[in-house]
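Each chain, letter by letter, is given below.
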Amino acid sequence: CWSCGHCGVPKGNNNNKNSISDDVRKVPPGPCSKCGEKDQINWIKVYNPTENEIKNKKKNKKKKEELPWIEAPELSEEEKKKKEEAQLAAKRKEVEEQVKRALAERV
């Protein structure tokens, strides 16, 4: 997205294709899943660099491996609540262990 800089799967994209190449020719991208922009957006392709490109920092003009774009779905309210509770429980356990060690050092 040229407006907000987000790179990701467009809103409402229920496509289960392995390659985006069909979509590029037939379907315009968008809207942006972050800001909702519909006009100033482009498709992107992610490629795996070759070892030669990494070493020499030069682009290889040979056919490259296209990588799939995987994006985690947004958590539901229930999942967000469970995640927050798990984080709080972990933090609580950490603080309790620190207190236990501090008390042991005093004895």
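Reading the values: the criteria
Every chain begins its residue count from 1, and numbering advances along the sequence as written. Reporting of local features is limited, given that this is a predicted model, to residues whose pLDDT is at least 70; pairs of side-chain atoms are given and counted only at 80 or more, and all residues count toward the totals for whole chains, interfaces and linings. As a convention, hydrogens and water are excluded, and side-chain values are obtained from all of the structure's heavy atoms. A run of DSSP states H or I qualifies as a helix once it reaches four residues; a run of E qualifies as a strand once it reaches two. Both are numbered from the N-terminal end. Relative accessible area decides the class of each residue, using a 1.4 Å probe on protein chains only: under 20% of the type maximum gives buried, over 50% gives exposed, and in between gives partly exposed. The contact criterion used is simple: two residues touch if any of their non-hydrogen atoms lie within 4.5 Å. To be clear on the numbers: accessible area is Shrake-Rupley with a 1.4 Å probe, and residue cover counts the displayed protein chains and nothing else. Both site types are read off a 1 Å grid over the protein atoms alone. A 1.4 Å probe that fits but cannot get out defines a cavity, while an open set with protein on both sides within 12 Å along at least five of seven lines defines a pocket; lining residues have an atom within 4 Å of a point. Grid points are joined across faces, edges and corners, and a volume is the space filled by probe spheres set on the points. Side-chain classes follow a simple rule in which Ala, Val, Leu, Ile, Met, Phe, Trp, Tyr, Cys and Pro form the nonpolar group, Asp, Glu, Lys and Arg form the charged group, and the remainder, Gly included, forms the polar group. Each residue carries a pLDDT score, the predictor's own confidence in it, on a scale running from 0 to 100.

### A word on the overall build of the chain
The secondary structure content of the chain amounts to three helices and two strands. Counting over 107 residues, the chain shows a buried share of 7%. Of the contacts made within the chain by residues no fewer than 6 positions apart, 46% connect residues no fewer than 24 positions apart. When the accessible surface of the chain is summed, it comes to about 9,900 Å², and 51% of that surface belongs to carbon and sulfur atoms.

### Side note on the layout of surface pockets
Considering only enclosed or pocket space, the second largest pocket measures out at about 180 Å³ in volume. Broken down by class, the residue content of the lining of the second largest pocket amounts to three nonpolar, one polar and two charged.

### A look at the confidence of the model for the chain
Looking at the chain as a whole, its pLDDT mean stands at 77, while 70% of the residues score no less than 70. The spread of mean pLDDT over the elements of the chain runs between helix 1 (residues 21-26), the lowest at 57, and helix 3 (residues 77-106), the highest at 95.

### A closer look at the environment of Ile-41
Tracing the chain through its elements places Ile-41 in the loop between helix 1 and strand 1 (46-48). In the structure, Ile-41 is positioned 31 residues away from Pro-10 in sequence and 9.7 Å away in space, judged by C-alpha atoms. Other than its neighbours up to four places away in sequence, Ile-41 contacts Cys-1, Trp-2, Pro-29, Gly-30, Pro-31 and Cys-32.

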